[in-house]
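# An overview of the molecular structure
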Amino acid sequence: HAADNPYERGPAPTQSSIEALRGPYAVSQTSVSSLAVTGFGGGTIYYPTSTADGTFGAVAISPGFTAYESSIAWLGPRLASQGFVVFTIDTNTTMDQPASRGDQLLAALDYLTQRSSVRGRVDATRLGVMGHSMGGGGSLEAAKDRPSLQAAIPLTPWNLDKTWSEVRTPTLIFGADGDTIAPVSSHAEPFYQNLPSSLDKAYLELNNATHFTPNSNDTTIAKYSISWLKRFIDNDTRYEQFLCPLPRPSLTIEEYRGNCPHTS
Ligand code: 9J3
Ligand code: ZN
């Protein structure tokens, strides 16, 4: 319980609590104008309204090539209501490549922890990154550049770089079995394979899914993302039950790979 882990937030989880459209925290939001920031394109911060539980871990999320913040907006309230500060961002231009998206995710986290109106609610030592497609490729770039990040979750990621041996951040990669834009055979799977074998890492291939499955509410993406963020940003071992033993293939999971038990 909380006495053992100062970062634990919210009640003990159940299958239904991690699958729910909203978690236990009421959520507020504030928009950040692109004109007010440098290094990324502004966005929306979703955060637990209450200040009674102290600070929260935080995650920045990048959209993909040609896409806007709106394409990943569903993750804002869904993750924040579980007890995270979530910053869904726009990039400087919709054409920015993965390495730039990685830098922009880090700029957004720096803004969030140092300058934003909710900076007092964020624990700057417990941060993560997510992203869709080139934004997912960007989340790997961000983790490579900043090993202090506690969690990374690329969603149907795209990147020309396939070699991620430098990453030290626990990483959960989502692939989609029907992805023809970032086919798992040349993106998500080699990314997973080329992360260090000693790293806490996992690969979840969504069944009957496409490149754009991460652009709308998806319970499989939500429940395993919540579990991964809780386990590695909050050190909350109450969520280990959803990650280890490895989830079995199901109607929504084509394949799940990972190393259990987790070590960090
Ligand atoms: O962010 C993405 O959807 C990347 C996929 C893509 O269009 O790459 C081709 C350059
Ligand atoms: Zn590399």
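Preceding block: the structure.
Calculation rules
Residues numbered from 1 in each chain as written. Chains lettered and ligands numbered in written order. Predicted model: local features only at pLDDT ≥ 70, side-chain atom pairs only at ≥ 80, totals over all residues. Heavy atoms only, no water. Helix = DSSP H or I, 4+ residues; strand = E, 2+ residues; numbered from the N terminus. Rg over C-alpha atoms; globule rule 2.2 N^0.38 Å. Buried < 20%, exposed > 50% of the residue type's maximum accessible area, 1.4 Å probe, protein only. Contact = heavy atoms within 4.5 Å. Areas by Shrake-Rupley, 256 points an atom, 1.4 Å probe, with all protein chains shown as cover. Lys, Arg positive; Asp, Glu negative; His and termini not counted. Charge placed at Lys NZ, Arg CZ, Asp CG, Glu CD. Polar contact = N/O pair within 3.5 Å; in protein donor to acceptor, adjacent residues only side chain to side chain. Near = heavy atom within 4 Å. Nonpolar A, V, L, I, M, F, W, Y, C, P; charged D, E, K, R; others polar. Donors = N, O, S within 2.8 Å, 3.2 Å for Na, K, Ca; no water. Salt bridge = Lys/Arg side-chain N within 4 Å of Asp/Glu carboxyl O. Pairing = 2+ DSSP bridges. Axes fitted to C-alpha atoms, helices over the stretch in contact; angles between N-to-C directions.

## Overview of the overall build of the protein
Helix and strand counts for the protein come out as six helices and nine strands. Taken against the 2.2 N^0.38 rule, which gives 18 Å for 264 residues, the C-alpha radius of gyration of the protein at 16 Å falls within 12% of a compact globule. Along the first, second and third principal axes, the C-alpha atoms of the protein reach 45 × 40 × 30 Å. The proportion of buried residues among the 264 residues of the protein is 59%. A separation of at least 24 residues holds for 69% of the contacts in the protein among residues at least 6 apart in sequence. For the protein, the accessible area works out to roughly 10,100 Å², and carbon and sulfur atoms hold 52% of it. Looking at charge distribution, the protein has the averaged site of its 19 positive side-chain charges lying 4 Å from that of its 25 negative ones.

## A short note on the environment of Trp 74
Turning to its location among the elements, Trp 74 is positioned in the loop between β3 (56-62) and α2 (75-80). Judged by relative accessible area, Trp 74 falls into the buried class, the value being 11%. C-alpha of Trp 74 to C-alpha of Asn 215: the two residues are 141 residues apart in sequence and 7.8 Å apart in space. At a separation of 2.8 Å, a polar atom in the side chain of Trp 74 contacts the main-chain carbonyl oxygen of Pro 214.

## A word on the side chain of Ser 71
Its place among the elements puts Ser 71 in the loop between β3 and α2. For Ser 71, a relative accessible area of 13% puts it in the buried group. One polar contact links the side chain of Ser 71 to the main-chain carbonyl oxygen of Tyr 68, over a distance of 2.7 Å. Setting aside anything within four residues of it in sequence, one finds Ser 71 in contact with Pro 63, Pro 214 and Asn 215.

## Topic: the site of ligand 1
Taken together, Gly 64, Phe 65, Ser 133, Met 134, Trp 158, Ile 181 and His 211 form the complete shell of residues around ligand 1. In this structure, an oxygen atom belonging to ligand 1 sits 2.8 Å away from a main-chain N or O atom of Met 134. One of the side-chain nitrogen or oxygen atoms of Trp 158 is found 3.5 Å away from an oxygen atom of ligand 1. Contact with the protein chains covers 74% of the free accessible surface of ligand 1, which is 310 Å². When grouped by side-chain class, the residues that make up the shell around ligand 1 number four nonpolar, three polar and no charged.

## Overview of the coordination of the zinc ion (ligand 2)
Around the zinc ion (ligand 2), the protein contributes the donor atoms Asp 161 (OD), Thr 163 (O) and Thr 163 (OG1), at 2.1 to 2.8 Å from the metal centre. Taking relative accessible area as the criterion, Thr 163 reaches 44% and is therefore assigned partly exposed.

## Description of the pattern of salt bridges
This model, assessed by the stated rule, comprises 12 salt bridges. Arg 126 serves as the salt-bridge partner of Asp 234, at 2.6 Å between the closest nitrogen and oxygen. A residue pair is termed long-range when its members are at least 10 positions apart, and Asp 234 in the loop between α6 (219-233) and β9 (253-258) and Arg 126 in strand β5 (residues 122-132) qualify at 108 residues. A salt bridge links Arg 257 to Glu 189; the nearest nitrogen and oxygen atoms lie 3.0 Å apart. Of this pair, Arg 257 sits in strand β9 while Glu 189 sits in helix α5 (residues 188-194), placing them 68 residues apart in sequence. Under the relative-accessibility criterion, Arg 257 is labelled partly exposed at 23%. Under the relative-accessibility criterion, Glu 189 is labelled buried at 19%. Beyond isolated ion pairs, a larger network of salt bridges with shared partners links Asp 123, Arg 126, Lys 230 and Asp 234.

## What to know about the pairing of strand β4 (residues 85-89)
Where burial is concerned, most of β4 is hidden: five out of the five residues are buried. Note: β3 against β4, four bridges, orientation parallel. Following the sheet pairing, Ala 60 is matched in β4 by Phe 87.

## Details of the sheet that holds β3
Strand order in this open sheet of nine strands is β1-β2-β4-β3-β5-β6-β7-β8-β9, and the pairing throughout is mixed. Sheet topology places β1 (27-32) and β9 at the edges, where each strand pairs with a single neighbour. Sheet twist, expressed as the mean angle between neighbouring strand axes with direction ignored, is 15°. Relative to strand β2 (residues 43-48), β1 runs antiparallel, the two being bridged by six bridges. Its bridge partner being in β2, Val 27 is matched across the sheet by Pro 48. Contacting β3, β5, β6 (151-155) and β7 (171-176), helix α4 (residues 134-145) crosses the sheet at an angle of about 145° to β5. Lying over the sheet, α6 contacts β3, β5, β6, β7, β8 (201-206) and β9, oriented at roughly 160° with respect to β6.

None of this, on its own, says anything about what the molecule does.
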